[in-house]
Amino acid sequence: MNNKIVLGQNQYGKAEVRVVKITRDTDRHEIEDLNVTSQLRGDFEAAHREGDNAHVVATDTQKNTIYAFAREGVGSPEAFLLRLGNHFTSSFDWVSGGRWEAESYSWDRIRAHGAEHDHSFVRNGQEVRTAVLVRDGATAHLLSGLKDLTVLKSTQSGFVGYPKDKYTTLPETADRILATDVSARWRYKTGIDFRALDFNKNYDDVKALLLEGFTEKYSHALQQTLFDMGTKVLEAHSEIDEIRFSMPNKHHFLVDLSPFGLDNPNEVFFAADRPYGLIEATVQRDDATRADMAWAGIAGFC
């Protein structure tokens, strides 16, 4: 028996670096708000086996690099991660790749006296924008995404025709509330020129398509709606190879008002937070190139 113990896959870095960049070159300020994680991969064998830190770029250095790069502006979370990835893989010969992740928080200008204020903002809590860059040598995989986008349609949804056994108590319905928190990540085609993409414009367009897709058609199941939403994105954006979803079914149960002598014509509901159905799936092109490394380290689908 061979009992040799070896070092397997590994990475390290600084997690969740909160950075807020205020651009104040005019009286009308701009705000960019990120939570950034940097993780390096490469030749770190000696650090693990021998305690030799000659190749260990300190996590504090990675944190400071994030702050220094923010001084020049963010632009988009995707562009910011690409800059970080290029820096670390070109500055240190033994760093062959890595994983860089960002959450981006949106702020709206406060309207005061009928106009948008120049330097006062209110947090936009509609969703959190996400981005992930994975580099392996010269190959870069780039994911954009969003999470916590809560949507609801009050009709044009039902659930019928499912198998029933002795444990089934759920009644069929042709008119129900459909609600979910959309988490989605879309992967850009590997090998394309990321510099040619306007990531902010793409993000706004993909989000709009997802919302539009949610509204369209009668929904026979959340699975169907998910697939329709992903299809709209891929049909509109040839630069995207696949989109993955994680969408809980936020159940709304009709309240029985008969004990109070009242009817309830599908108007009063109890919004249950758990347990919930969880629908996860990938919508992709049939010729999409596999990129398993891009998704490594991402819990579940999103």
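Our subject is the structure listed above.
Residues numbered from 1 in each chain as written. Predicted model: local features only at pLDDT ≥ 70, side-chain atom pairs only at ≥ 80, totals over all residues. Heavy atoms only, no water.

Trainee: How should I be thinking about helix α3 (residues 77-91) in this particular structure?
Mentor: Given 3.6 residues per turn, any residue in an α-helix points the same way as the ones three and four places further on. Between its first and last C-alpha, α3 extends 21 Å over 15 residues, near the 21 Å set by a 1.5 Å rise per residue. Of the residues making up α3, those classed as buried are P77, E78, F80, L81, L82, L84, G85, F88 and T89. (Helix = DSSP H or I, 4+ residues; strand = E, 2+ residues; numbered from the N terminus. Expected span 1.5 Å × (residues − 1). Buried < 20%, exposed > 50% of the residue type's maximum accessible area, 1.4 Å probe, protein only.)

Trainee: What exactly am I supposed to notice about the nonpolar core here?
Mentor: It is characteristic of soluble globular proteins that their nonpolar side chains tend to be buried jointly. Formed by 52 residues in total, the largest nonpolar core has its most connected members in V36, F80, L84, V182, W186, L210 and F245. Ranked by residues supplied to this core, first place goes to helix α4 (residues 199-215) with 6 residues. Ignoring sequence-local partners within four residues, the contact set of L210 consists of L146, W186, M229, V233, I243 and F245. Formed by 7 residues, the second largest nonpolar core is a distinct cluster that contains A291, A294, W295 and I298. (Core = buried A, V, L, I, M, F, W, Y, C linked by side-chain atoms within 4.5 Å. Contact = heavy atoms within 4.5 Å.)

Trainee: Whenever I open this one, the pairing of strand β1 (residues 12-23) confuses me. Can you help?
Mentor: Side-chain positions along a regular strand alternate between the two faces of the sheet. Taken together, the 10 bridges between β1 and strand β2 (residues 30-42) define a ladder with antiparallel strand orientation. What sits directly across from G13, in β2, is Q39. What sits between the antiparallel neighbours β1 and β2 is a turn of 6 residues. (Pairing = 2+ DSSP bridges.)

Trainee: Explain the environment of V122 to me, please; I cannot follow it from the model alone.
Mentor: Position of V122 among the secondary structure elements: in strand β5 (residues 115-123). Owing to a relative accessible area of 41%, V122 belongs among the partly exposed residues under this scheme. Residues V122 and H252 lie 130 residues apart in sequence; the distance between their C-alpha atoms is 30 Å. The contact partners of V122, leaving out residues within four places of it in the chain, are W107, D108 and I110.

Everything listed here is a matter of geometry and, on its own, says nothing about what the molecule does.
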